[in-house]
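What follows is the residue order along each chain.
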Amino acid sequence: MSANGSPSGKQPTATYDSPFLKACRREPVPHTPVWFMRQAGRSLPEYRKVREGVGMLESCMRPELVTEITLQPVRRHGVDAAIYFSDIVVPLKAIGVDLDIKPGVGPVVERPIRTRADLAQLRDLTPEDVPYITEAIGLLTAELGSTPLIGFAGAPFTLASYLVEGGPSRTYENAKAMMYGDPELWADLLDRLAEITAAFLKVQIEAGASAVQLFDSWAGALAPADYRRSVLPASAKVFRAVEGYGVPRIHFGVGTGELLGLMGEAGADVVGVDWRVPLDEAARRVGPGKALQGNLDPTVLFASREAVETKTREVLDAAQALEGHIFNLGHGVMPSTDPDALTRLVEYVHAQSAR
Ligand SMILES: Cc1c2[nH]c(c1CCC(=O)O)Cc1[nH]c(c(CCC(=O)O)c1C)Cc1[nH]c(c(CCC(=O)O)c1C)Cc1[nH]c(c(C)c1CCC(=O)O)C2
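Residues numbered from 1 in each chain as written. Predicted model: local features only at pLDDT ≥ 70, side-chain atom pairs only at ≥ 80, totals over all residues. Heavy atoms only, no water.

Participant: Before we move on, can you summarise empty space enclosed by the protein with the specific residues and values?
Facilitator: Counted according to the given criterion, the structure contains one cavity of 30 Å³ or more. If you go around the largest cavity, the residues you meet are Gln11, Tyr16, Leu21, Arg25, Ser210, Gly246 and Pro248. Each residue belonging to the lining of the largest cavity can be placed in one class, and the counts come to three nonpolar, three polar and one charged. (1 Å grid on protein atoms, 1.4 Å probe; cavity = no way out; pocket = protein on both sides within 12 Å on 5 of 7 lines; lining within 4 Å. Points joined across faces, edges and corners; volume = space filled by probe spheres on them. Nonpolar A, V, L, I, M, F, W, Y, C, P; charged D, E, K, R; others polar.)

Participant: Now, about the UniProt feature "domain: Uroporphyrinogen decarboxylase (URO-D)" (unreviewed entry) in the chain: what can you tell me, with residues and values included?
Facilitator: UniProt tags residues 33–42 and 150–166 as "domain: Uroporphyrinogen decarboxylase (URO-D)" (unreviewed entry). Between the end C-alpha atoms of residues 33–42 there is a gap of 21 Å, over a span that is 0% helix and 0% strand. (UniProt positions renumbered as here; feature names shortened; annotations may be inferred. Helix = DSSP H or I, 4+ residues; strand = E, 2+ residues; numbered from the N terminus.)

Participant: Lay out the packing of aromatic side chains with the relevant residues and their values.
Facilitator: A full pass over the atoms with the stated rule returns five aromatic pairs. Ring pairs connect the aromatic residues Phe152, Phe215 and Phe252, which therefore count as one cluster. Of note, arginine 25 hangs over the ring of tyrosine 16, and the distance from its end group to the ring centre comes to 3.8 Å. (Phe/Tyr/Trp six-rings, centres within 6.5 Å; stacked < 30°, edge-to-face > 60°. Lys NZ or Arg CZ within 6 Å of the ring centre and 35° of its normal.)

Participant: Got a sec to walk through the site of the ligand? Specific residues and values, please.
Facilitator: Residues in contact with the ligand amount to 25 residues; listed here are only the nearest, Arg38, Ala40, Asp87, Ser217 and His331. Between glutamine 39 and the ligand, the recorded distance is 3.1 Å, taken from a backbone N or O atom to an oxygen atom. Out of a free accessible area of 870 Å², the ligand has 88% covered by protein chains. With respect to the detected pockets, the ligand is housed in the largest pocket. Secondary-structure elements contributing two or more residues to the shell around the ligand are helix H3 (45–51) and strand S3 (106–109). Taken together, the residues of the shell around the ligand sort by class into 15 nonpolar, six polar and four charged. (Near = heavy atom within 4 Å. Polar contact = N/O pair within 3.5 Å; in protein donor to acceptor, adjacent residues only side chain to side chain. Areas by Shrake-Rupley, 256 points an atom, 1.4 Å probe, with all protein chains shown as cover. Sits in = over half its atoms within 2 Å of the grid points.)

Participant: I'd love a proper account of the nonpolar core, names of residues and values included.
Facilitator: Among the nonpolar cores identified, the biggest contains 127 residues, and Phe20, Leu122, Trp186, Leu189 and Tyr227 are the most heavily contacted of them. If one sorts the elements of this core by residue count, helix H10 (residues 183–207) sits on top with twelve residues. Apart from the residues within four sequence positions on either side, leucine 189 is in contact with Ile113, Leu119, Leu122, Ala160, Val164 and Met178. (Core = buried A, V, L, I, M, F, W, Y, C linked by side-chain atoms within 4.5 Å. Buried < 20%, exposed > 50% of the residue type's maximum accessible area, 1.4 Å probe, protein only. Contact = heavy atoms within 4.5 Å.)

Participant: Outline the side chain of serine 235, listing residues and values.
Facilitator: Relative to the elements of secondary structure, serine 235 occurs in helix H12 (residues 232–243). Classification of serine 235 as buried rests on a relative accessible area of 0%. When sequence neighbours within four positions are dropped, the list of residues in contact with serine 235 reads Ala155, Pro156, Leu214, Asp216, Tyr227, His251 and Ala266.

Participant: Can you break down the pattern of salt bridges residue by residue, with the values?
Facilitator: Taken as a whole, this structure holds 19 salt bridges when the rule is applied. Here arginine 76 makes a salt bridge to glutamate 46, at a shortest N to O gap of 2.8 Å. Linking arginine 76 in helix H5 (residues 63–77) with glutamate 46 in helix H3, this pair joins segments that are 30 residues apart in sequence. Judged by its relative accessible area of 25%, glutamate 46 is partly exposed. (Salt bridge = Lys/Arg side-chain N within 4 Å of Asp/Glu carboxyl O.)

Participant: Requested: an account of the side chain of serine 230, with residues and values cited.
Facilitator: Mapped onto the secondary structure, serine 230 falls in helix H11 (residues 224–230). When neighbours within four sequence positions are excluded, serine 230 is seen to be in contact with Met179, Trp186 and Leu190.

Participant: Got a sec to walk through helix H9 (residues 173–181)? Specific residues and values, please.
Facilitator: Every buried residue of H9 is accounted for by Ala175, Lys176, Met178 and Met179. Projected down its long axis, H9 shows its buried positions confined to an angular sector of 155°, all on one face. Facing away from the buried surface of H9 by more than 90 degrees, the exposed residues are Glu173 and Gly181. Contacts made by the buried residues of H9 are with helix H8 (156–165), H10 and H11. (Arc of directions from axis to C-beta.)

Participant: Account for the sheet that holds strand S9 (residues 325–329), with residues named and values stated.
Facilitator: Across the sheet, seven strands lie side by side as S1-S4-S5-S6-S7-S8-S9; this open sheet has parallel pairing. The two strands at the open ends of the sheet, each matched to only one other strand, are strand S1 (82–83) and S9. Examined bridge by bridge, strand S7 (residues 270–272) and strand S8 (residues 291–296) share three bridges and lie parallel to one another. Across the sheet, residue valine 270 finds its bridge partner in S8, namely alanine 291. Across the sheet, helix H14 (residues 279–286) is in contact with S7, S8 and S9; its angle to S8 comes to roughly 145°. (Pairing = 2+ DSSP bridges. Axes fitted to C-alpha atoms, helices over the stretch in contact; angles between N-to-C directions.)

Participant: Quick rundown of the UniProt feature "binding site: substrate" (unreviewed entry) in the chain? Include the residues and the values.
Facilitator: Mapped onto this structure's residue numbering, the UniProt feature "binding site: substrate" (unreviewed entry) falls at Arg38, Gln39, Ala40, Gly41, Arg42, Asp87, Tyr162, Ser217 and His331. A stretch of 294 residues holds the annotated residues, and the largest C-alpha distance among them is 22.6 Å, long enough that they do not meet in one place. Cross-referencing the annotated residues with the lining of the largest pocket gives Arg38, Gln39, Ala40, Gly41, Arg42, Asp87, Tyr162, Ser217 and His331. Tracing the backbone shows arginine 38 in the loop between helix H2 (19–24) and H3. Setting aside chain neighbours within four positions, we find arginine 38 in contact with Gly332 and Val333. Locating aspartate 87 in the fold gives a position in the loop between S1 and helix H6 (90–94). For aspartate 87, a relative accessible area of 15% gives the class buried. Those residues within four positions of aspartate 87 in sequence are excluded, and the remaining contacts are Met56, Cys60, Ile101, Pro107 and Phe152.

Right, here's the structure in full:
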């Protein structure tokens, strides 16, 4: 244990005492902390400039570039946390899965996992597989000062959805067919992914990440009973594996209103909420002892400044009675969002919530 109580001992006191980490721990904050999912990349012209001619996965493996892209939204918007620039498929690529990220499409997998023999594609991940992550996080924590760095990974279900489908899907028919039709293979697949994901998060925490977010972006496709039986055990395994570090664990998915309680139960300290469920109702579904993160509809940023402010106040009002609140969008920043609207939103949340 370090003097500030962070068991990893990696964090400077100023970082440990930042509004973002305090809110995650449900401690009083001077203002509601704000960051945006997909704040790095996407809408920023300075991002497009440094990415020119560099493929997405290639850019994730260059520590200086990762550092620059991660810092861009912190400099520009004054957000309360940085999120490490990478992608959920990076650990899979790192262990040799043949995949790519196609611009405007998303992750595409060369040989989808459909049979038990296909599981051989998924070997264990070691820190040596991702040296660029350790290096980039070292560079980042030196630059970030008291601003915490959030590490992240895709949750087993969301990773499985890409691996089994072979690419993005709206229906998840192949993944669900395996889940319903061959529950043993499905459980083994998710368990393998849980181990890879846990190892990947550990690398990030040991390098200096102050919090981690598990993106189960597509879990909203599942009925609660199926989530509980076929997905929750693998996600819970990931959360348990990193519990001992004492860094806050955030759990997020889209369209997961019916799953919020279970997503908290899986072991998160903070539950991310999309824009479909107001935060006071989300708090009832999640129950006590957890902070919430969210949940402005990202498309609100395309409306007038007055509309953005009205909708933002609605989010802050619904968050009044929460034990801890981190302001965010209900899903990622959309690529055509005006960056200035994001900067104004950070200022507005800080001003409205100043205590
Ligand atoms: C489902 C998912 C993926 N990746 C991610 C998720 C979970 C979050 C969510 O629900 O949005 C997570 C992710 N991907 C990226 C980040 C960077 C950090 C951040 O700013 O939050 C994060 C946190 C960079 C990226 N990941 C990707 C880009 C765009 C690619 C590019 O700029 O060339 C970026 C900046 C590619 C990607 N990768 C993925 C998709 C769906 C896409 C978009 C495809 C497209 O519309 O072009 C898979």
